[in-house]
Amino acid sequence: MATVSVCMIVKNEQNVLERCLDSLNGLYEELIIVDTGSTDDTKKIASRYTNAVYDFVWIDDFSAARNFAFSCCTQQYIYTVDADEVLDAENRKKFMLLKQNLLPEIEIVQMYYVNVKKQNSVYNFKKELRPKLFKRLRNFEWIDPIHERVRLDPILYNSDIEILHMPEGEHTGRDLNLLLKLAEQSKIFSDTLLKMFARELFKAGTTQELQRSKDYFVSLFADALGEKRQIIQIILAKIALLEGDMHNFLKHSMSQKVEGMTSEMCCILGEYFYQQKEFAEGISWYQYALDTMPCMDIHCCGDKALFAIAEGFVALGEMEQAEQWKRMAEQWTPPEES
């Protein structure tokens, strides 16, 4: 049977930590908890479950904290957990079966991350596969009978285990603040992190947060291509609309219309026409959003556009139409999984 180190980084998680650790009881051989500066009872709670509670000085870098936590682990596999996650009884059984039957050549196990709270603002799917269990020591091997090479891609297994994400509150503000600080330092983001940054700004960013990001996205725009260019156009068009900068609003929204429209930009254009009290034109853009692919926010081709269309018909005094669109919005659900 595979042995497992549960590995966590925590800060001020006293409200959810006990629930998480109770749900993992009996599933691991080692529990590593790294605290990054709690001021509540998080460390006191953690110490009831393990003696391996470490302090890590926070340096605005989650990867650094997780790398330190991983370095403390000693078992065959490392299961990385956040304090607001829970394994229910059915998935505890699945996890134990996985431990009993895990083939030694498997290096990463993916599990379904299930968003329980409907108000979770930055996720596009109810559940998505994420890498959660990692082989601590990797065995390298040569492959191919001629022109031999070392296998670099890990052996991946997609399990059916579902981890329930049950946060007490949103982390969007915390994450956005960190991302904005990095942007203001002109840090280079990976394409994945840039997309997450833009998504959080688009879906949950305040006017001030969007304006703080402006110079960073402007600096990236000239050399951006494909989806990255679309993402930057969306953010800069949204900022321009907030600032009443019609030149840049038209520049970014219309260039995307030529290069490849997204449902997010359709919604921004719909919002613009609503501001101008041109509700029929705004409705047409929100309807266009329903038939256009999003690049960040799936709600823009779903309930966000549907509710906006209903609001437009209310403004036009067409209440029957408004009720029909509102019902469609209320019945819409995001895709089950990515």
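Note: the structure precedes this text.
Conventions we followed
Residues numbered from 1 in each chain as written. Predicted model: local features only at pLDDT ≥ 70, side-chain atom pairs only at ≥ 80, totals over all residues. Heavy atoms only, no water. Phe/Tyr/Trp six-rings, centres within 6.5 Å; stacked < 30°, edge-to-face > 60°. Lys NZ or Arg CZ within 6 Å of the ring centre and 35° of its normal. Axes fitted to C-alpha atoms, helices over the stretch in contact; angles between N-to-C directions. Helix = DSSP H or I, 4+ residues; strand = E, 2+ residues; numbered from the N terminus. Parallel < 35°, antiparallel > 145°, perpendicular 65-115°, else oblique. Left-handed = near helix turned anticlockwise from the far one by under 90°. Contact = heavy atoms within 4.5 Å. Nonpolar A, V, L, I, M, F, W, Y, C, P; charged D, E, K, R; others polar. Core = buried A, V, L, I, M, F, W, Y, C linked by side-chain atoms within 4.5 Å. Buried < 20%, exposed > 50% of the residue type's maximum accessible area, 1.4 Å probe, protein only. Pairing = 2+ DSSP bridges. Expected span 1.5 Å × (residues − 1). Polar contact = N/O pair within 3.5 Å; in protein donor to acceptor, adjacent residues only side chain to side chain. Salt bridge = Lys/Arg side-chain N within 4 Å of Asp/Glu carboxyl O.

**Student:** Break down the packing of aromatic side chains for me, with residues and values.
**Tutor:** Using the criterion set out here, one finds 15 aromatic pairs in the structure. By way of ring pairs, the aromatic residues Phe189, Phe197, Tyr216 and Phe217 are connected into one cluster. Above the face of the Tyr112 ring, Lys127 is positioned so that its terminal group lies 4.6 Å from the ring centre. Its end group placed over the ring of Phe202, Lys238 keeps NZ or CZ at 5.1 Å from the ring centre.

**Student:** Give a description of the packing of helix 7 (residues 207-221) against helix 8 (residues 226-243) that names residues and reports values.
**Tutor:** Contact geometry of helix 7 with helix 8 gives a least axis separation of 9 Å together with a crossing angle of 135°. Considered as vectors, helix 7 and helix 8 are oriented oblique to each other. For the crossing formed where helix 7 meets helix 8, the hand is left-handed. Of the residues in helix 8, those in contact with Thr207, Leu210, Gln211, Ser213, Lys214, Phe217, Val218, Leu220 and Phe221 of helix 7 are Arg229, Ile232, Gln233, Ile235, Leu236, Lys238, Ile239, Leu242 and Glu243. Residue composition of the contact of helix 7 with helix 8, by class: 10 nonpolar, 4 polar and 4 charged.

**Student:** Break down the nonpolar core for me, citing the residues and quoting the values.
**Tutor:** Counting residues in hydrophobic clusters, the biggest one holds 53 residues, and the most contacted among them are Phe189, Phe197, Phe217, Ile235, Phe249 and Met296. At the level of elements, helix 5 (172-184), helix 6 (191-204), helix 7, helix 8, helix 10 (263-275), helix 11 (279-290), helix 12 (303-315) and helix 13 (319-331) are the ones that each hand at least two residues to this core. Of the residues forming this core, the biggest block, 9 residues, is contributed by helix 8. In this view, Met296 contacts Asn124, Lys195, Ala198, Arg199, Phe202, Ile231, Ile234, Ile235 and Glu264; residues no more than four positions away in its chain are not counted. Among the nonpolar cores identified, the runner-up in size contains 30 residues, and Met8, Leu21, Phe95 and Leu102 belong to it.

**Student:** Let's hear about the sheet that holds strand 2 (residues 30-35): which residues, and what values?
**Tutor:** Across the sheet, 8 strands lie side by side as 3-2-1-4-7-6-10-5; this open sheet has mixed pairing. At either margin of the open sheet sits one strand with a lone partner, and together these are strand 3 (53-55) and strand 5 (85-86). Pairing between strand 4 (residues 77-81) and strand 7 (residues 127-135): 3 bridges, direction antiparallel. Each bridged residue has a counterpart across the sheet, and for Tyr77 the counterpart in strand 7 is Lys135. Against the sheet, helix 1 (residues 17-24) contacts strand 1 (4-10), strand 2, strand 4 and strand 5, and its axis sits at roughly 175° relative to strand 1. Most of the contacts of helix 4 (residues 89-101) go to strand 10 (residues 156-165), to which it runs at about 155°, and overall it touches strand 1, strand 4, strand 6 (108-115), strand 7 and strand 10.

**Student:** Before we move on, could you go through helix 6 and cite the residues and values that matter?
**Tutor:** Taking 1.5 Å per residue as the helical rise, helix 6 with its 14 residues ought to reach 20 Å, and the 20 Å between its terminal C-alpha atoms agrees with that figure. Taken residue by residue, helix 6 has Leu194, Phe197, Ala198, Arg199, Glu200, Leu201 and Phe202 as its buried positions.

**Student:** Tell me what's going on with the environment of Glu264, and back it up with residues and numbers.
**Tutor:** Along the polypeptide, Glu264 turns up in helix 10. Measuring from C-alpha to C-alpha, the distance between Glu264 and Lys304 comes to 9.9 Å, with 40 residues separating the pair along the chain. Residues within four places of Glu264 in sequence aside, it is in contact with Phe202, Ile234, Met293, Pro294, Cys295, Met296, Asp297 and Cys300. Looking at Glu264, its side chain comes within polar contact range of the main-chain nitrogen of Asp297, at 2.7 Å.

**Student:** Would you mind going over the pattern of salt bridges in detail, with residue names and values included?
**Tutor:** If charged atoms from side chains of opposite charge come close, those side chains can pair. Within the structure shown, the criterion is met by 20 salt bridges. Residue Lys132 is joined to Glu85 by a salt bridge in which the shortest nitrogen-to-oxygen separation is 3.0 Å. Of the two residues, Lys132 is situated in strand 7 and Glu85 in strand 5; the sequence distance between them amounts to 47 residues. Measuring nitrogen to oxygen at the nearest pair gives 3.3 Å for the salt bridge that ties Arg151 to Glu107. A residue pair is termed long-range when its members are at least 10 positions apart, and Arg151 in the loop between strand 9 (149-150) and strand 10 and Glu107 in the loop between helix 4 and strand 6 qualify at 44 residues. Just as Arg151 is buried, Glu107 falls in that class too. Several salt bridges share partner residues, and in doing so they unite Glu107, Arg138, Glu141 and Arg151 into one network.

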